[in-house]
Each structure stands twice: as structure tokens, then as C-alpha cells.
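These are the residues of each chain, in order.
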Amino acid sequence: MQIAGFEFPDELYYDLKHGWGRVEGNIVTQGLTDFGQKLAREIVYVEIPPIGRSVTQGQTFMSIESGKWVGRIPAIVSGKIVAVNEELEWEPNLINKSPFDRGWLVKIEMSNPAELDKLMRANSPEFKAFIEAEAEKFKSVLGG
Amino acid sequence: MKLYRLGTVAWPYSQLLYHALPRLNREGLILLSPDSPYVCIGYFQDPEQDVDLAYCREHGIPVFRREVGGGAVYLDGNQLFWQLVIRKDHPLVPASREEFYRKFLQAPIAVYRAIGIPAEYKPVNDVIVHNRKISGTGVAEIGNYIVFVGNLILDFNYEMMVRVLKVPDEKFRDKVYKTLQENLTTIKRELGDIPPREKLWDLLAEKFSEILGPMEVETGVDPEWRAEANRLGEVMLKEDWLYMRRRPHTDYGVTIRSGVEVRQKVYKATGGLIRAIIVVQEGTIADITLSGDFFFYPADKLTELEKALIGVEVEKAEKIIVRFYSEQGVESPGITPADLAMVINP
């Protein structure tokens with residue numbers, strides 16, 4: 001669905017750091033939303049974490065660079081990284097070009113599926129309110 | 001927040017101190033300058049690709065990898081550094097990165113203006129005067145803190161900056177030098193002279209205080225901070241940290257089971273980059289995909305080469321490729337059969 005002019009696919013889960021998660025069985029594919037990538041601007045480097053690393057929901061585990069700013073990405077769920085998008089090392093701006101598809105970051109094998117309850121869905125009023133507030137806050141960056 | 005006016009420090013501390021402060025859960029504005037020159041590379045850079053390491057070694061110029069973004073820079077005592085360590089949730093921290101840069105760059109801009117240089121902010125993160133850059137800046141997120149670093153450039157050694165960079169040839173270096181001269185200026189170039197350093201430090205402290213509020217001034221490094229900086233030095237001044245491969249990871253391998261491995265190998269040949277994704281089963285190629293940015297004529301023969309390699313022992317791959325080239329009349333400028341074999345049996 002569209003919120004504040006941005007696409008948020010209905011089937012995904014979202015956190016408040018502009019991350020998305022696609023749940024397939026026990027595996028969650030994580031990425032940055034279209035809104036998030038617009039805020040970050042052109043991403044020039046992505047640090048690919050090693051497969052097998054354990055991550056904790058909400059805690060940062062990988063870095064991306066845009067505009068000389070090295071930012072950290074928090075994990076959308078806890079678990080173990082089972083796949084990484086190696087293409088991002090060659091083409092980091094895939095995150096900008098295809099945030100919900102080719103620009104995915106990692107796949108995490110969930111250790112606690114109950115954590116999904118802490119995430120939000122595109123159709124929830126809270127999420128809509130959050131994105132609208134964010135869009136207002138970042139109006140100058142997003143171009144009005 | 002505290003203001004640490006540290007003056008001139010040994011060069012490693014000009015980097016280690018700001019990396020240490022957020023790790024101690026402390027905020028602060030640090031003002032300092034290094035006592036000797038060094039090269040500082042961005043977090044994601046590869047020193048072997050970006051810096052002329054042989055030249056640096058020969059001339060005793062250390063190289064340091066920072067956690068902050070951006071490119072390789074030549075730093076020395078003619079630059080006055082500010083290093084702001086501030087909590088991400090500090091009320092003064094704006095929501096967006098651009099607003100962050102715009103807000104805090106007002107301090108150095110005000111310093112430049114106070115000494116008669118009409119500096120301006122240029123989005124996203126530049127300070128310019130007459131369309132030339134006059135400050136270097138960058139940011140790292142470390143834990144719950146944002147670390148914002150930058151400099152006032154009193155004078156600049158353009159020759160050394162260009163000399164320490166790794167470039168393909170002298171013509172290219174000359175081009176970089178001219179472009180740098182045209183696009184980077186200094187206080188000395190703008191004013192013909194450099195104001196006293198103490199005056200510049202005072203101005204930096206004053207202009208940052210106008211944004212951050214009054215700050216308690218310290219002129220030394222306390223033992224806790226020194227210890228953390230030294231602990232970090234044990235990591236960040238070591239070759240493992242400097243040479244940590246940052247871009248791109250070329251090789252990956254996943255063992256499916258004993259004797260079965262999926263691996264990716266990338267090799268840079270004269271004619272371009274070659275990449276192979278190979279499934280190796282008991283030493284034999286079970287599957288292979290070749291790609292890259294090289295030319296291969298006729299193009300459809302690349303798929304045929306892949307097919308010809310299936311079932312071949314990795315150690316015999318080069319022989320098969322040589323035979324394929326000769327039988328099929330393949331041409332690949334700058335890419336030899338040995339180069340292709342490098343991604344299969346390195």
C-alpha cells in the first residue's frame with residue numbers, strides 16, 4: 001500500500017528504522033524500505049556481514065556508507081545470518097534502485113518468531129501514523 | 001557536554017581519541033591537531049587499491065583506517081580538527097543527515113567568516129568558498145553516538161596528497177593534482193596569511209558553543225579515556241585492521257557437505273574482471289557460471305565453454321580452456337585461458 005507517497009508492500013513486516021522483513025517459513029529476508037533508501041541517498045558502500053553471524057533484533061550488525069556517513073543497520077529479527085546479498089558489494093546502489101527486490105541485505109534464520117509481533121504491518125494505523133510523521137519530519141530531504 | 005582543547009597531539013591520538021569517547025559512553029567536542037603527517041583512509045577503503053603504500057613506507061608516512069566515511073586524505077599539522085561526539089538521541093541532533101551536516105557545519109563556516117573568508121554550506125556535507133572546498137568532513141555511527149569530524153585547512157600540501165594516492169600513471173596523477181588545486185582551497189590561499197592558531201581554536205570553541213551551548217573546558221586526556229584510546233590503538237594501529245578487506249569481497253565459499261562446495265572467485269585480469277560461481281563436487285566442476293566485464297567473441301561461446309568445463313577436474317580446467325580457445329577460434333582481448341583458469345583453480 002501507499003503511505004505518504006511511498007510504497008510499502010502489504011506482505012512485509014516493518015521496523016521503526018525503515019527496515020523491512022519478508023517472512024518465508026523460518027527465514028526472514030531483510031532490506032531497507034524505499035522511504036529509508038531515499039533518506040540515505042545514494043549508497044556507495046555496503047559491508048556484507050559473514051554468513052553464520054548471530055544477530056539480535058534492534059542491534060546493529062552491518063554498515064552502509066552514503067554521503068561520507070557510515071551508518072549502521074539494526075537486525076529486524078534475532079537469529080543467524082544464512083545468506084547475504086553479495087551483489088551489493090559490486091553494486092551497492094541496488095538498495096536505491098530496487099529496495100524491495102534486488103537490493104535485499106541479508107536472510108536471517110529466526111531464533112524467536114514471536115519477535116515478529118514487535119514489528120508492524122503496512123496496513124496498521126500505527127505504522128501509517130509513523131510514516132506520515134517521518135515524511136513530515138524529513139520533508140526537506142524528501143523533496144516536499 | 002565537555003570541550004576538550006588538546007592542542008597538538010601525537011598523530012595516532014588525533015584519530016584514536018574520537019574513536020574511544022563513544023565507546024566510553026561519553027559525549028564531547030574535541031579540538032586538536034596532529035604533530036606529524038599521515039594518510040587516513042575511509043572505513044570502506046582498501047589501502048592497497050587507494051594508497052601508494054610503497055611511497056608511504058619509504059617516506060615514513062603512516063596510514064590509518066578510520067571508522068568514518070569518505071576517501072583517503074593526507075593530514076598534517078596544518079589542519080585543525082574538530083571532532084564532535086554526540087548521542088544520537090541528543091535533542092540538538094536533527095532528524096536527517098543533511099540537516100545534521102547543515103547545522104553543525106555552521107560552526108566552521110562561522111569561523112571562516114570571522115576571519116574574512118566567505119564560506120558557505122553546500123549540501124550535503126561540504127563547506128565551500130568561491131566554489132572550492134575548504135573543509136573535509138565525515139561521519140561515523142559508533143554505538144549510540146554520532147561522530148562528526150572535520151577540519152579547518154590552514155595550508156595544504158597538494159603535492160603530497162596526490163603523491164600518496166595510488167594512481168595508474170603519472171598523467172593521471174597530474175590530472176588529479178590540477179583538479180585538486182582547482183577545487184580545494186585553504187586559509188592561506190584565501191587570505192595570503194594564516195591567523196594565529198590560538199585565535200582559530202578560540203573561534204572554533206566559540207562557534208561550536210553557539211550551537212551546542214556552554215561547555216566545560218578540559219585541556220587534557222583523563223586516564224580512562226587515554227586507556228581506551230590505547231586499547232583501541234592495539235587494534236586500529238595494526239595491519240590486520242588497516243588491511244581488512246573492505247571492497248569488494250571477491251571470494252566466497254560455502255561447504256554444502258564434505259567434498260561439495262559452492263564458491264565464487266573473482267580475478268582482475270588485464271582485459272577486465274572475471275567472476276566464476278562454481279559448484280565443485282569431489283574435485284570436479286559440477287556447475288559453473290562465468291561472467292564479468294571482459295569481451296568474449298563470439299559471445300555465445302562463453303556458455304559453450306561453461307558446458308565444456310562441466311565434469312572436468314578443477315586442476316585440468318586450464319588445459320580444457322586452452323583447447324577450447326584453439327578449437328573454437330575464441331578471442332578475448334586481455335583475457336588469457338590462464339586468466340580464466342585463475343577463477344576456477346586459483
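Residues numbered from 1 in each chain as written. Chains lettered and ligands numbered in written order. Predicted model: local features only at pLDDT ≥ 70, side-chain atom pairs only at ≥ 80, totals over all residues.

### Describing the overall build of chain A
Within chain A one finds 5 helices and 12 strands. A buried classification covers 43% of the 144 residues belonging to chain A. (Helix = DSSP H or I, 4+ residues; strand = E, 2+ residues; numbered from the N terminus. Buried ≥ 20, exposed ≤ 12 C-beta atoms within 10 Å, placed from the backbone.)

### Describing the nonpolar core
The nonpolar side chains of a soluble globular protein tend to be buried with one another. Grouped together as the largest cluster of nonpolar side chains are 89 residues, with contacts concentrated most on A:Ile108, B:Leu17, B:Leu31, B:Val139, B:Val147 and B:Leu204. Element by element, the count of residues in this core is highest for strand β11 (residues 145-153) of chain B, at 7 residues. Look past the residues within four positions of B:Leu31 in its chain and what remains in contact with it is B:Tyr4, B:Arg5, B:Leu6, B:Trp82, B:Trp201, B:Leu204 and B:Ala205. B:Tyr267, B:Ile288, B:Phe294 and B:Phe296 belong to the second largest nonpolar core, which has 18 residues in total. (Core = buried A, V, L, I, M, F, W, Y, C linked by C-beta atoms within 7 Å. Contact = placed C-beta atoms within 7 Å.)

### A short note on the sheet that holds strand β4 (residues 63-65) of chain B
Residues and elements named next belong to chain B. The strand order β4-β3-β5 describes an open sheet built from 3 strands, whose pairing is mixed. Only two strands of the sheet have a single neighbouring strand rather than two, namely β4 and β5 (73-75). Strand-to-strand, the axes of this sheet are offset by a mean angle of 30°, without reference to chain direction. (Pairing = 2+ DSSP bridges. Axes fitted to C-alpha atoms, helices over the stretch in contact; angles between N-to-C directions.)

### Some remarks on the domain arrangement of chain B
As assigned here, chain B comprises domain 1 (2-242) and domain 2 (252-342). When each unit is reduced to the centre of its C-alpha atoms, the spacing between domain 1 of chain B and domain 2 of chain B is 45 Å. (Domains from an automatic or database assignment.)

### Some words on the sheet that holds strand β5 (residues 27-32) of chain A
Residue and element names in this part refer to chain A. With antiparallel pairing, 7 strands are arranged side by side in an open sheet as β7-β10-β11-β5-β4-β3-β12. Two strands lie at the open edges of the sheet, namely β7 (54-55) and β12 (120-121), each paired on one side alone. Note that β5 and strand β11 (residues 106-110) share 4 bridges and pair antiparallel. Across the sheet, residue Ile-27 finds its bridge partner in β11, namely Glu-109.

### Some thoughts on the packing of helix α5 (residues 106-114) of chain B against helix α9 (residues 197-212) of chain B
All names here are of chain B. Their axes nearest at 8 Å, the elements α5 and α9 cross at an angle of 135°. Regarding the angle of α5 to α9, the classification is oblique. You can see that α5 and α9 cross each other, and the crossing is right-handed. Contacts from Gln-106, Ala-107, Ala-110, Val-111 and Ala-114 of α5 reach α9 at Leu-200, Leu-203, Leu-204, Lys-207, Phe-208 and Ile-211. For the contact of α5 with α9, the class distribution of residues is 9 nonpolar, 1 polar and 1 charged. (Parallel < 35°, antiparallel > 145°, perpendicular 65-115°, else oblique. Left-handed = near helix turned anticlockwise from the far one by under 90°. Nonpolar A, V, L, I, M, F, W, Y, C, P; charged D, E, K, R; others polar.)

### Concerning helix α13 (residues 317-328) of chain B
An ideal rise of 1.5 Å per residue puts 16 Å on 12 residues; α13(B) measures up with 16 Å between its terminal C-alpha atoms. Within two residues after α13(B), B:Gly329 carries a phi angle of roughly 60°, on the positive side. (Expected span 1.5 Å × (residues − 1).)

### Quick word on the interface of chain B and chain A
Between chain B and chain A, the residue contacts involve 21 residues of the former and 17 residues of the latter. Within the residue set of the side of chain B that touches chain A, elements represented by two or more residues are α4 (97-104) and β10 (137-142) of chain B. Among the elements that make up the side of chain B that touches chain A, the one with the highest residue count is β10(B) (5 residues). Each residue belonging to the side of chain B that touches chain A can be placed in one class, and the counts come to 9 nonpolar, 7 polar and 5 charged. Sheet topology places strand β9 (residues 69-74) of chain A next to β10(B); 2 bridges connect them, and they run parallel. For A:Trp69, the partnering residue across the bridge sits in β10(B) and is B:Val139.

### Considering the pairing of β9(A)
Pairing between strand β8 (residues 60-66) of chain A and β9(A): 6 bridges, direction antiparallel. Within the sheet, the bridge partner assigned to A:Ser66 lies in β9(A) and is A:Trp69.

### A short note on helix α1 (residues 13-23) of chain B
Residues and elements named next belong to chain B. Here α1 lies mainly inside the structure; 10 of its 11 residues are buried. Where α1 is concerned, the buried positions are Tyr-13, Ser-14, Gln-15, Leu-16, Leu-17, Tyr-18, His-19, Ala-20, Leu-21 and Pro-22. Backbone geometry just after α1 places Asn-25 at a positive phi near 60°.

### Description of the environment of B:Asn183
All names here are of chain B. Checked against the element boundaries, Asn-183 lands in helix α7 (residues 170-183). Taking the C-alpha atoms as reference points, Asn-183 and Pro-108, 75 residues apart in sequence, are found 18 Å from one another. In contact with Asn-183, other than residues within four places in its own chain, are Arg-132 and Lys-133.

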